[in-house]
Structure formats: structure tokens, C-alpha cells
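# Survey of secondary and tertiary structure
If you want the building blocks of each chain, they are given just below.
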Amino acid sequence: MSRSLCVLMVVLLVAACGGGSKSPPRNLDNACSIAKQRPEYIKAFKKTERKWGVPVHVQMATIYQESRYRSDARTPHKYVLGVLPMGRQSSAYGYSQALDGTWDQYKKETGNRRARRDRMRDASDFIGWYMAKSNSRNGIAMTDTRNQYLAYHDGHTGYARGTYRSKSWLLRTADQVAARGEMYRKQLNTCGRFKY
């Protein structure tokens, strides 16, 4: 067998393995399946719940909406004249889709200088930190998935001003996030050691 054929076979074999833990869990509609495939995610979510008070199902629904559990998720490109790419729509990146400035503020306030947006434990902690601020600034209960998501999307000031009220698409999305959170909560109550 030629050297180039061996190299090609190795590349194809690695590609067929599916990317390991960087790839999203297979069944994103089943919290127990996510927990079984990625126990490190559940460990991170539980740690965040203990530290910040944000329930696991709220975190899970937010991450689903923001990145579909893709560690390298980014916003789409902007185009000039419909064809020339001119950068991204925003600096949002990673599991939590945190913006550069908000991520920098999180690292500074928490002292977590080595945090990375493409690492679940850091993304989960970021969501906990942000939603704890939503609770203290805007009075949103930690269990209120819908309003926590609205504040997460529009920011604390935007939420306080009610900017989301004129965005029918965002209100629909927040309803979907809340429904997914409730689905995850019920599922987590049935999957053995992950019960609440």
C-alpha cells in the first residue's frame, strides 16, 4: 500500500469517528441522553446551580437555543451587496454565545481569567453569573426560564426598558426556550442519578 493511500485512510478514519466530545450530543431533545453522553456537562450544570442558583434545566435550554451545544458556534456573516462577507453579525461565540465585552466583564468580575467560551464548564458558569445578575438587577426568578432568556438576549438594561416587547420573534423564541426548559426539567426527574 502506498504512503499516500495510508495517509488518506487515516484521515478518513479520524473523520468517521465524529469529532469526539467537541461535537454536540446526538439527541438534543432528551436531557437524559445528553447526561449519559456528556456527564461532564451535567457536572458543570450542577456546579453552576450550586454556585449561582440557576437550575440545570434553565441552563440546558439556554445553551440549546444559543448554540445547539456546538462549542464553536458563531453568528452568521454579514454581507455587503449580498455577496461580499464583511465579518460576523456579532462577536458572540461558543456554547453560551457570549459577546466579547460581556465575556471580558465576566472574567474580570469572577477572577476566572483562563475561562474559554468553547469549554462547557466556563460557558455554564458564565450563564449562572449572568442570570444571577438578571435576578438581582431585574428581579427575575432563577426558575423563570422565559424571562431569564429575554434578559440574556436583550441585556439587563434592554430588559428593564422592555425592548423585547416589540420583538415578536424574540417573544416566540423565549416561549420555545421556556417549553424546552420544562421538557428538560421533567426528563431530568426520570433519569436515575440525575433526578432533582
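Residues numbered from 1 in each chain as written. Predicted model: local features only at pLDDT ≥ 70, side-chain atom pairs only at ≥ 80, totals over all residues. Heavy atoms only, no water.

Moving on to the environment of I34. Within the secondary structure layout, I34 lies in helix α2 (residues 31-37). The sequence separation of I34 and Y69 amounts to 35 residues, and the corresponding C-alpha distance is 9.9 Å. (Helix = DSSP H or I, 4+ residues; strand = E, 2+ residues; numbered from the N terminus.)

This next bit is on the packing of aromatic side chains. Given two aromatic rings, one states the distance between the centres and the angle between the planes to describe the pair. According to the stated counting rule, one finds 13 aromatic pairs in the structure shown. Ring geometry for W103 and F126: centres 5.3 Å apart, planes at 40°, overall tilted. With W103 in helix α5 (residues 100-110) and F126 in helix α6 (residues 120-138), this pair connects stretches of sequence that are 23 residues apart. Here W103 matches F126 in class, with each residue buried. Ring geometry for Y106 versus F126: centroids 5.5 Å apart, planes at 85°, classification edge-to-face. Remark: F126 occurs in helix α6 and Y106 occurs in helix α5; sequence separation between them is 20 residues. There is no split in this pair, since Y106 and F126 are both buried. Among the aromatic residues, those joined into a ring-pair cluster are W103, Y106, F126, W129, Y130 and Y152. (Phe/Tyr/Trp six-rings, centres within 6.5 Å; stacked < 30°, edge-to-face > 60°. Buried < 20%, exposed > 50% of the residue type's maximum accessible area, 1.4 Å probe, protein only.)

A separate point is the packing of helix α4 (residues 56-67) against helix α7 (residues 145-161). Packing of α4 against α7 leaves a shortest axis separation of 10 Å and a crossing angle of 45°. The orientation of α4 relative to α7 falls into the category oblique. With respect to the hand of their crossing, α4 and α7 are arranged in right-handed fashion. Where α4 abuts α7, its residues H57, V58, A61, T62, Q65 and E66 lie against T145, Y149 and Y152. Considered class by class, the residues forming the contact of α4 with α7 number four nonpolar, four polar and one charged. (Axes fitted to C-alpha atoms, helices over the stretch in contact; angles between N-to-C directions. Parallel < 35°, antiparallel > 145°, perpendicular 65-115°, else oblique. Left-handed = near helix turned anticlockwise from the far one by under 90°. Contact = heavy atoms within 4.5 Å. Nonpolar A, V, L, I, M, F, W, Y, C, P; charged D, E, K, R; others polar.)

Size it by volume and the largest pocket reaches roughly 330 Å³. If you trace the largest pocket, you find 15 residues lining it, with E66, Q97, L99, Y152 and H153 closest to the centre. Elements represented by at least two residues in the lining of the largest pocket include exactly α4, α6 and α7. Sort the elements by how many residues they give to the lining of the largest pocket and α7 lands first, with four residues. Taken together, the residues of the lining of the largest pocket break down into seven nonpolar, seven polar and one charged. The computed volume of the second largest pocket comes to approximately 270 Å³. Where the lining of the second largest pocket is concerned, the elements lending two or more residues are α3 (39-52) and α6. Counting residues per element, the lining of the second largest pocket draws most heavily on α3, which supplies five residues. Across the lining of the second largest pocket, the residue classes tally to four nonpolar, one polar and eight charged. (1 Å grid on protein atoms, 1.4 Å probe; cavity = no way out; pocket = protein on both sides within 12 Å on 5 of 7 lines; lining within 4 Å. Points joined across faces, edges and corners; volume = space filled by probe spheres on them.)

As far as function goes, none of this settles anything; it's purely spatial.
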